[in-house]
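In case you want the letters, here they are:
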Amino acid sequence: MLDALNDTAVEESSIRYDGWRIVAVCFLAATFGWSFGFYGQSLYLAELHRLYGWPTSLISSGTTFFYLFGAVLVVFVSEAVRRFGPRNCLLAGVLAMATATVMIGQVTSSWQLYLADAVLSFGWAGTTLGIITNTPGLWFDHRRGMAISLALNGASFGGIAGVPLMVAAIGYFGFPRAMMVCAAAMLVVMFPAILILVGRPPIRGSHLTEAGATALSASTIRAQAFRDTAFLSVCISFALVLFAQVGFIVHLIAFLDPVIGRAHAATAVALLSAMAVLGRVLFSTVIDRLNQRLASAISFASQAVALMVIIHSQNDIVLIACCAVFGFSVGNVVTLPSLIVQREFDPRSFGVLISLITAINQVTYAFGPGVIGLLRDASGSYALPFYGCIALELVAAVLIMVRGRRTG
């Protein structure tokens, strides 16, 4: 048995190992999932407002509904993967995402928008963080951190390449036809990739552990997690940081535009996204060997420092540089919870726990942009809400170091 596990470690390091094909598929899924589900929301808001004159609050409330309903679905991703297999779950997620994308392009009334956002929630659960943290774990034990980090680079790539291509398609085809073209492109790329490259997961060391012990029910795992200090410290700290991170990024152009101009503001956002990719790639090579809680605390603190300088600076170069510093940790804040759960908790619980954390984080950060907007309107500037973000980041940096007393 020991020889078999040692062979597994060598196998995972080989470029010919089948698991790296799974990483490539998950990268593609993340690219489309974040392009249509996350970054695309700003395009949908602008286009629907332009076409129908609907209030911004009406359209953005649909986005909030999308995130909240998606969070409920993400909780059950692990059980769906276990029951139906990763291939079927990925196919279903891609089909739902493509269907919703077409529906959004065809809406003519508000109830249709909410229906499209509901379908989009299924696609989000089946193409983004929930499925991507669960699927590579079926192929990897020793290089799981690197595999998940590389796969999640698709999220940043969706912002760098996906959004400009969607904007170009809308300009050429018009909004309704562009959404159909984007959906068709997703199906043409993803269906063959999933059908050809995603097969039956191998029996890994963690699965041997699971097979040799009585499997716990998902409800039991969740109940135990909410009584576990180590789990709560991870869950709460990352929820606080993502609330601050998503809220800050959504309002970044609005904050920078009057200070350094729209062109430089766009440059800052692009650099932030590029640094998120760079940070995730660099971390992926060493993250399995680091103290991941300490790495998380340092990441949170670096974002707080960058925010403090951003609040008080008027210099173009300094502001863009601080956005780059902030961006370096953006991708890793998404990746690190799964790596901490993998290292510190029972392998049998990994899928359920990471789906639970993902859902809680999504519910939390769904309110980030709105709360920051309200504080900005109430105070007359972004100083107050950004100071609030700094406070959340620093609280999280302390909280993530609390492990509690582990038993067993």
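What counts, and at which threshold
- Here the residue index of a chain counts from 1 through its sequence in written order.
- This being a predicted model, a pLDDT of at least 70 is required before a residue's local features are given, and a value of 80 or more before pairs of side-chain atoms are given or counted; all residues contribute to the totals for chains, interfaces and linings.
- Hydrogen atoms and water are omitted, and side-chain values are computed over all heavy atoms in the structure.
- Numbering goes from the N terminus for both helices and strands, where a helix is a DSSP run of H or I of at least four residues and a strand is a run of E of at least two.
- Between buried and exposed lies partly exposed: a residue is buried under 20% and exposed over 50% of the maximum accessible area for its type, with that area taken using a 1.4 Å probe on protein chains only.
- Contacts are assigned to residue pairs that have any heavy atoms within 4.5 Å of one another.
- Areas reported here follow the Shrake-Rupley algorithm with a probe of radius 1.4 Å; residue values treat only the protein chains shown as occluding.
- Within 3.5 Å is the distance limit for a polar contact, defined as a pair of N or O atoms, with the added protein rule that one can donate a hydrogen and the other accept it, and that residues adjacent in sequence qualify only through two side-chain atoms.
- Fitted lines through C-alpha atoms give the axes, limited to the stretch in contact for helices. The angle between two N-to-C directions lies from 0 to 180 degrees.
- When the near helix sits turned anticlockwise from the far one by under a right angle, the crossing is termed left-handed; a clockwise turn instead gives a right-handed crossing.
- Three classes are used: nonpolar for Ala, Val, Leu, Ile, Met, Phe, Trp, Tyr, Cys and Pro, charged for Asp, Glu, Lys and Arg, and polar for all others, with Gly counted as polar.
- The way it works is a 1 Å grid over only the protein atoms, where trapped points that fit a 1.4 Å probe form a cavity and open points with protein on both sides within 12 Å along at least five of seven lines form a pocket, and then any residue with an atom within 4 Å of a point lines it.
- Grid points are joined across faces, edges and corners, and a volume is the space filled by probe spheres set on the points.
- The criterion for a disulfide is a pair of cysteine sulfur atoms lying within 2.5 Å.
- Only Phe, Tyr and Trp rings take part, Trp by its six-membered ring, and two of them pair if their centres are within 6.5 Å. Stacked means planes under 30 degrees apart, edge-to-face means over 60, and tilted covers everything else.
- Two conditions define a charge sitting above a ring: the NZ of Lys or the CZ of Arg must be within 6 Å of the ring centre, and it must be within 35 degrees of the ring normal.
- For every residue, the predictor states its confidence as a pLDDT score lying anywhere from 0 to 100.
- We define a salt bridge as a contact between a side-chain nitrogen of Lys or Arg and a carboxyl oxygen of Asp or Glu at a distance within 4 Å.
- A helix is expected to span 1.5 Å multiplied by its residue count minus one.
- This arc describes the spread of directions from the helix axis toward the C-beta atoms.

*Asks:* For the overall build of the protein chain, give the residues involved together with the corresponding values.
*Replies:* Within the protein chain one finds 19 helices and 0 strands. Considered along the principal axes of its C-alpha atoms, the protein chain spans approximately 65 × 45 × 40 Å. A burial count over the protein chain gives 52% of its 408 residues as buried. Restricting to contacts in the protein chain with at least 6 residues of sequence separation, those with at least 24 account for 84%. For the protein chain, the accessible surface area stands at approximately 17,000 Å², while carbon and sulfur atoms represent 68% of it.

*Asks:* Account for the environment of Gln303, naming residues and giving values.
*Replies:* Its location among the elements puts Gln303 in helix α14 (residues 292-312). With 90 residues separating them along the chain, Gln303 and Glu393 place their C-alpha atoms 7.3 Å apart. Look past the residues within four positions of Gln303 in its chain and what remains in contact with it is Val241, Gln245, Phe326, Ser329, Val330, Val333 and Glu393. Only 2.9 Å separates the side chain of Gln303 from the side chain of Gln245, close enough to count as a polar contact.

*Asks:* Residues and numbers for the packing of helix α16 (residues 330-344) against helix α17 (residues 350-365), please.
*Replies:* Packing of α16 against α17 leaves a shortest axis separation of 10 Å and a crossing angle of 150 degrees. Handedness of the α16/α17 crossing: right-handed. Note on element contacts: α17 touches α16 through Phe350, Leu353, Ile354 and Ile357, opposite Pro337, Ser338, Val341 and Gln342. A breakdown of the residues in the contact of α16 with α17 according to their chemical character gives 6 nonpolar, 2 polar and no charged.

*Asks:* Account for empty space enclosed by the protein, naming residues and giving values.
*Replies:* Overall, the coordinates contain 1 cavity of 30 Å³ or more when judged by the stated rule. Taken as a whole, the largest cavity spans an internal volume of roughly 40 Å³. Every residue lining the largest cavity is listed: Gln41, Tyr44, Leu45, Ile59, Thr63, Leu113 and Asp117. At the level of secondary structure, the elements contributing two or more residues to the lining of the largest cavity comprise α2 (19-52), α3 (56-74) and α6 (110-127). Ranked by the residues each element gives to the lining of the largest cavity, the list is headed by α2, at 3 residues. Along the lines of polarity and charge, the residues of the lining of the largest cavity split into 4 nonpolar, 2 polar and 1 charged.

*Asks:* Can you lay out the state of the cysteines for me, pointing to particular residues and giving the numbers?
*Replies:* Counting across every chain of the model gives 0 disulfides. Unpaired in terms of disulfides, Cys389 finds its nearest cysteine sulfur in Cys323, a separation of 13 Å. Judged by its relative accessible area of 1%, Cys389 falls in the buried class.

*Asks:* Go over the packing of aromatic side chains with me, naming the residues and quoting the values.
*Replies:* Per the stated rule, a full pass over the model turns up 23 aromatic pairs. For the ring pair Tyr67 and Tyr365, a centre distance of 5.6 Å and an interplane angle of 75 degrees mean the geometry is edge-to-face. On the criterion of sequence distance, the pair formed by Tyr67 in helix α3 and Tyr365 in helix α17 is long-range, its members being 298 residues apart. In this structure Tyr365 comes out as buried when scored by relative accessible area, which is 10%. Ring pairs connect the aromatic residues Trp34, Phe66, Tyr67, Trp124 and Tyr365, which therefore count as one cluster. Over the ring of Tyr382 we find Arg376; its NZ or CZ atom is 5.6 Å from the centre of that ring.

*Asks:* Which residues make up the confidence of the model for the protein chain, and what values go with them?
*Replies:* Averaged over every residue, the pLDDT of the protein chain is 84; residues scoring 70 or more account for 92%. Confidence drops under a pLDDT of 50 for residues 1-9, and excluding neighbours within four residues, the segment shows 7 contacts in the predicted structure. Throughout residues 208-214 the model reports pLDDT below 50, and contacts reaching past four residues in sequence, or to other chains, amount to 7 contacts.

*Asks:* Before we move on, can you summarise the packing of helix α12 (residues 229-260) against helix α18 (residues 368-379) with the specific residues and values?
*Replies:* Interhelical geometry of α12 versus α18 gives an angle of 65 degrees and a closest axis separation of 8 Å. Like other packed secondary-structure pairs, α12 and α18 cross with a definite hand, here right-handed. In this structure, α12 contributes Phe243, Val246, Gly247, Phe248, Val250 and His251 to the contact, and α18 contributes Gly368, Pro369, Val371, Ile372 and Gly373. When grouped by side-chain class, the residues that make up the contact of α12 with α18 number 7 nonpolar, 4 polar and no charged.

*Asks:* Quick rundown of the pattern of salt bridges? Include the residues and the values.
*Replies:* Tallying each qualifying case throughout the model produces 6 salt bridges. Between Arg21 and Asp18 there is a salt bridge whose closest N-O contact spans 3.8 Å. The class for Asp18 is partly exposed, based on a relative accessible area of 42%. Arg222 is paired through a salt bridge with Glu79; the nearest N and O atoms lie 2.5 Å apart. Of the two residues, Arg222 sits in helix α11 (residues 218-225) while Glu79 sits in helix α4 (residues 77-84), which places them 143 residues apart along the sequence. In the salt-bridge network here, residues are joined through shared partners; they are Arg293, Glu344 and Arg403.

*Asks:* Hey, could you go over α18 for me, with residue numbers and the actual values?
*Replies:* In an α-helix there are 3.6 residues to a turn, and that puts residues three or four apart on one side. Look at α18: 16 Å from first C-alpha to last across 12 residues, which is about the 16 Å you get at 1.5 Å a residue. Here α18 has its buried residues at Gly368, Ile372 and Gly373. The buried residues of α18 occupy one face: seen down the axis, they fall within an arc of 125 degrees. The outward face of α18, more than 90 degrees from its buried face, is lined by the exposed residues Leu374, Asp377 and Ala378. Contact partners of the buried residues in α18: α12, α17 and α19 (383-399). Phi for Gly380, located one or two positions after α18, is positive at around 90 degrees.

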